[in-house]
Amino acid sequence: QVQLAESGGGLVEAGGSLRLSCAASGRTFSMYHMGWFRQAPGKEREFVAAIRGSGDYTDYADSVKGRFTISRDNAKNTAYLQMNSLKPEDTAVYYCAARGGLLWTGIRNADEYAYWGQGTQVTVSS
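Predicted model, so just to flag it, every value in this text is computed and none were measured.

For the rest of this paragraph, the subject is the side chain of E6. Checked against the element boundaries, E6 lands in strand β1 (residues 2-7). The buried charged residue E6 lacks any salt bridge partner; its closest oppositely charged side chain belongs to R45, at an N-O distance of 7.7 Å. Side-chain polar atoms of E6 contact the backbone nitrogen of C96, separated by 2.8 Å. For E6, the side chain forms a polar contact with the main-chain nitrogen of Q118, separated by 3.0 Å. What E6 contacts, discounting residues up to four positions off in sequence, is S21, C22, W36, Y94, Y95, C96, G117, Q118, G119 and T120.

Strand pairing in a sheet relies on backbone hydrogen bonds. The paired strands run either parallel or antiparallel. Here we have 4 strands laid out as an open sheet, ordered β1-β3-β8-β7, and antiparallel in their pairing. Each edge of the open sheet carries a strand with a single partner, namely β1 and β7 (68-73). Neighbour to neighbour, the strand axes of the sheet diverge by 15 degrees on average, direction disregarded. Where β7 lies against strand β8 (residues 78-83), 6 bridges are found, and the strand directions are antiparallel.

Definitions and cut-offs
- Note on numbering: residues in each chain are counted from 1, in written sequence order.
- Totals for whole chains, interfaces and linings use all residues, but because this is a predicted model, local features are given only for residues with pLDDT of at least 70 and pairs of side-chain atoms are given and counted only at 80 or more.
- Based on all heavy atoms of the structure, the side-chain values leave hydrogens and waters out of the count.
- Only runs of H or I of at least four residues qualify as helices and only runs of E of at least two qualify as strands under DSSP, and these elements are numbered from the N terminus.
- To sort residues, take the accessible area from a 1.4 Å probe on protein chains only and compare it with the maximum for the residue type: under 20% means buried, over 50% means exposed, and anything in between is partly exposed.
- Positive charges are assigned to Lys and Arg, negative charges to Asp and Glu, while His and the chain termini are left out of the count.
- For this analysis, a salt bridge means a side-chain nitrogen from Lys or Arg found within 4 Å of a carboxyl oxygen belonging to Asp or Glu.
- Under the rule applied, a polar contact is a pair of N or O atoms within 3.5 Å (in protein, one hydrogen donor and one hydrogen acceptor; residues adjacent in sequence only if both atoms are side-chain atoms).
- Throughout, a residue-residue contact means that at least one pair of heavy atoms, one from each residue, lies within 4.5 Å.
- A pair of strands is treated as paired once DSSP finds two or more bridges between them.
- Geometry is summarised by axes, namely lines fitted to C-alpha atoms with helices restricted to the contacting stretch, and by angles between N-to-C directions that run from 0 to 180 degrees.

Shown next, in the form of structure tokens:
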């Protein structure tokens, strides 16, 4: 079992920055690929970014590429999502998720993740 807890959400003006954290407890953190997803009101949950367990490979949705950076500190059992140049359309509940195993294929698919945090609200005002 892996327990995940997000923090760092809040209200920010367009163009501003936030850093989300995802603290994990349970089994060996480095064994899990970590992903960030978001869900806006009335919309389906969508992939934002993912990072391999070793931290040596990342993937981003086109909508956030160049603005968001995913990282992890395996010694601290924590994943991060640095969000810069925020836009009103980034407003959503952001979730971190953990996926076990070595496969990277399908890393953008929410169904591939077994463990989820409770989410943290990010609101970007125009």
